[in-house]
Amino acid sequence: MSTSDQDQAVDAPITAPEDTAEAEDRRLTPRQARRLRIVLSSVGMAAMAVVLGLRIASRSSVLVVGVYGLALILCGIVIELSRNGRTRLGSWLLGVGLVAAIGSDWLLIP
């Protein structure tokens with residue numbers, strides 16, 4: 001690690017040297033990206049909890065609890081990944097996991 005890397009602030013946007021000032025204004029700082037993923041995961045967790053409650057009220061099934069329980073666990077994992085700075089991995093995991101949960105609900109649960 002060079003001294004110039006060590007001198008950068010923690011919240012400095014990650015940009016390539018050829019980026020213009022206009023592009024720098026649109027980029028999120030790492031802290032903003034982490035907070036955004038945490039908020040999105042929390043909203044996803046709340047939505048999955050509501051859907052789980054509605055699905056259990058209409059049809060009590062272990063499969064329903066399993067699918068939506070795994071989606072809730074996934075949202076918690078993404079929150080923890082975001083807190084530890086793994087926002088890209090968390091974003092992919094959240095997107096793929098929630099699509100898989102919705103697809104499983106549509107395909108597996110009658």
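Below, the structure is looked at part by part. Not measured: the values here are computed from a predicted model. (Residues numbered from 1 in each chain as written. Predicted model: local features only at pLDDT ≥ 70, side-chain atom pairs only at ≥ 80, totals over all residues. Heavy atoms only, no water.)

1. Some thoughts on the pattern of salt bridges
For step 1, the next point in the chain: What the rule picks out here adds up to two salt bridges.
For step 2, the next point in the chain: A salt bridge links Arg55 to Asp105; the nearest nitrogen and oxygen atoms lie 3.0 Å apart. A residue pair is termed long-range when its members are at least 10 positions apart, and Arg55 in helix H3 (residues 30-58) and Asp105 in helix H5 (residues 87-108) qualify at 50 residues.
For step 3, the next point in the chain: With relative accessibility at 15%, the residue Asp105 sits in the buried group.
For step 4, the next point in the chain: Salt-bridge contacts for Arg83 lead to Glu80; the nearest nitrogen and oxygen are separated by 2.9 Å. Of this pair, Arg83 and Glu80 both sit in helix H4 (residues 62-83), three residues apart, roughly one helical turn. (Salt bridge = Lys/Arg side-chain N within 4 Å of Asp/Glu carboxyl O. Helix = DSSP H or I, 4+ residues; strand = E, 2+ residues; numbered from the N terminus. Buried < 20%, exposed > 50% of the residue type's maximum accessible area, 1.4 Å probe, protein only.)

2. Observations concerning H5
Three or four residues apart is the spacing at which side chains of an α-helix point the same way, because the helix has 3.6 residues per turn.
For step 1, the next point in the chain: With 22 residues, H5 ought to run about 32 Å at 1.5 Å a step, and its terminal C-alpha atoms sit 30 Å apart, in line with that.
For step 2, the next point in the chain: Of all the residues in H5, the buried ones are Thr87, Gly90, Leu94, Gly97, Leu98, Ala101 and Asp105. Along the axis of H5, the buried positions cluster into a sector of 100°, meaning they face one direction only. Away from its buried face, by an angle of more than 90 degrees, H5 presents the exposed residues Arg88, Trp92, Val96, Val99, Trp106, Leu107 and Leu108.
For step 3, the next point in the chain: Of the surrounding elements, those touching the buried residues of H5 are H3 and H4. (Expected span 1.5 Å × (residues − 1). Arc of directions from axis to C-beta. Contact = heavy atoms within 4.5 Å.)

3. With respect to the nonpolar core
For step 1, the next point in the chain: In this structure, Met48, Leu52, Val64, Val67, Tyr68, Ala71, Cys75, Val78, Leu94, Leu98, Ala101 and Ile109 together form the largest nonpolar core, which totals 12 residues.
For step 2, the next point in the chain: Within the residue set of this core, elements represented by two or more residues are H3, H4 and H5.
For step 3, the next point in the chain: Sort the elements by how many residues they give to this core and H4 lands first, with six residues.
For step 4, the next point in the chain: Other than its neighbours up to four places away in sequence, Leu94 contacts Leu40, Ser41, Leu74, Cys75 and Val78. (Core = buried A, V, L, I, M, F, W, Y, C linked by side-chain atoms within 4.5 Å.)

4. Focus on H4
For step 1, the next point in the chain: For H4, spanning 22 residues, the distance from its first C-alpha to its last is 31 Å, which sits close to the expected 32 Å at 1.5 Å a residue.
For step 2, the next point in the chain: Taken residue by residue, H4 has Val64, Val67, Tyr68, Ala71, Leu74, Cys75, Val78, Ile79, Leu81 and Ser82 as its buried positions. Buried residues of H4, seen end-on, are gathered within an arc of 165° and therefore sit on one face of the element. Along H4, the residues that are exposed and aim more than 90 degrees away from the buried face are Val62, Leu70, Ile73 and Arg83.
For step 3, the next point in the chain: Close packing links the buried residues of H4 with H3 and H5.
For step 4, the next point in the chain: Following H4 by one or two positions, Gly85 adopts a phi angle in the positive range, close to 90°.

5. A look at the environment of Asp105
For step 1, the next point in the chain: In this structure the C-alpha to C-alpha distance between Asp105 and Tyr68, which are 37 residues apart in sequence, comes to 8.5 Å.
For step 2, the next point in the chain: If we skip the residues at most four places from it in the chain, Asp105 touches Arg55, Val67 and Tyr68.
For step 3, the next point in the chain: Polar side-chain contacts of Asp105 include one of 3.0 Å to the side chain of Arg55. (Polar contact = N/O pair within 3.5 Å; in protein donor to acceptor, adjacent residues only side chain to side chain.)

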